[in-house]
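# Observations on chain architecture
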Amino acid sequence: VTFALRLGPISDAVQKYVTTDIPIEQLPNLVKLLPKVDSDRIVSVRFLPPDYVAGHDKNRYSIPNVAKVQETVATAVNLPADEAMAVLGIEPLSSTCEMPQPTTTTTEATTTTTEPGTTTTSEAGTTTTGAESTTSTTTP
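Here goes a summary of the coordinates provided. Predicted model, so just to flag it, every value in this text is computed and none were measured.

## A closer look at the overall build of the protein
Helix and strand counts for the protein come out as six helices and seven strands. When the helices and strands of the protein are read in sequence order from the N terminus, they spell out α-α-α-β-β-α-α-α-β-β-β-β-β. Residues classed as buried in the protein amount to 15% of the 140 residues present. Of all intrachain contacts in the protein linking residues separated by at least 6 positions in sequence, the fraction that spans at least 24 positions is 29%. Carbon and sulfur atoms provide 56% of the accessible area of the protein, an area that totals close to 10,900 Å².

Below, the structure is given as structure tokens:
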């Protein structure tokens with residue numbers, strides 16, 4: 001819960017648009033599983049213009065090509081990930097998304113070490129992201 005509260009505006013959007021039956025107390029366990037996810041087995045498709053647009057309405061808003069979206073989703077779901085990516089001409093997530101690395105931020109009053117996945121704000125207002133954080137006060 002503390003982690004979710006640190007997300008600020010993002011948590012507002014998540015609460016508004018995302019629903020799940022996974023108990024909130026299980027969230028830390030899910031976060032711990034993230035390093036075990038094989039991103040090469042995830043098919044990630046962006047339904048962007050012009051590829052997925054059938055046309056435009058009178059106000060120039062895009063009209064989605066529903067048949068093409070359905071065909072793409074069927075390919076992504078029904079084939080093994082590597083085959084689906086080859087058919088769809090997309091790269092594995094690992095080629096486009098890097099794994100966040102731990103960071104260390106030093107301010108006048110605080111040194112903060114973080115692991116990927118959490119957010120920490122120091123006394124001087126520096127924000128870093130990671131999964132676990134340890135904070136030690138240093139003397140100027």
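## Topic: the packing of aromatic side chains
Per the counting criterion, the structure on display carries one aromatic pair. Their ring planes at 85° and their centres at 5.0 Å tell us that Phe47 and Tyr52 sit as a pair that is edge-to-face.

## Looking at the packing of helix 4 (residues 66–78) against helix 5 (residues 81–88)
Axis separation between helix 4 and helix 5 bottoms out at 7 Å; the angle between their running directions is 150°. The orientation of helix 4 relative to helix 5 falls into the category roughly antiparallel. Residues Thr72, Thr75 and Ala76 of helix 4 touch helix 5, and the partners they reach there are Ala84, Val87 and Leu88. Among the residues making up the contact of helix 4 with helix 5, the classes are represented as four nonpolar, two polar and no charged.

## Remarks on helix 5
When we look at burial in helix 5, the residues that qualify are Ala81, Ala84 and Met85. Axial view of helix 5: buried residues confined to an arc of 100°, hence all on one face. Turned more than 90 degrees from where helix 5 packs its buried face, Asp82, Ala86 and Val87 sit exposed. Looking at the buried residues of helix 5, the elements they touch are helix 4.

## Looking at unusual backbone geometry
Here the residue pair Pro49 and Pro50 is connected by a cis peptide bond, since its omega of 0° sits within 30 degrees of zero. A positive phi angle is found at Arg60, which is not glycine, with a value near 70°. Structurally, Arg60 can be placed in the loop between strand 1 (53–56) and strand 2 (62–64).

## A short note on the pairing of strand 1
Alignment of strand 1 against strand 2, held across three bridges, turns out to be antiparallel. In the sheet register, Gly55 faces strand 2, and the bridge partner there is Ile63. In this structure, the hairpin formed by strand 1 and strand 2 is closed by a connection of five residues, where Arg60 is found at a positive phi of approximately 70°.

## Remarks on the environment of Val77
Inspection of the secondary structure puts Val77 in helix 4. A residue is classified by how much of its surface remains accessible, and Val77, at 63% relative accessible area, is exposed. Note: C-alpha distance between Val77 and Val43 (34 residues apart in sequence) is 8.4 Å.

Reading the values: rules and limits
- Residues numbered from 1 in each chain as written.
- Predicted model: local features only at pLDDT ≥ 70, side-chain atom pairs only at ≥ 80, totals over all residues.
- Heavy atoms only, no water.
- Helix = DSSP H or I, 4+ residues; strand = E, 2+ residues; numbered from the N terminus.
- Buried < 20%, exposed > 50% of the residue type's maximum accessible area, 1.4 Å probe, protein only.
- Contact = heavy atoms within 4.5 Å.
- Areas by Shrake-Rupley, 256 points an atom, 1.4 Å probe, with all protein chains shown as cover.
- Phe/Tyr/Trp six-rings, centres within 6.5 Å; stacked < 30°, edge-to-face > 60°.
- Axes fitted to C-alpha atoms, helices over the stretch in contact; angles between N-to-C directions.
- Parallel < 35°, antiparallel > 145°, perpendicular 65-115°, else oblique.
- Nonpolar A, V, L, I, M, F, W, Y, C, P; charged D, E, K, R; others polar.
- Arc of directions from axis to C-beta.
- Pairing = 2+ DSSP bridges.

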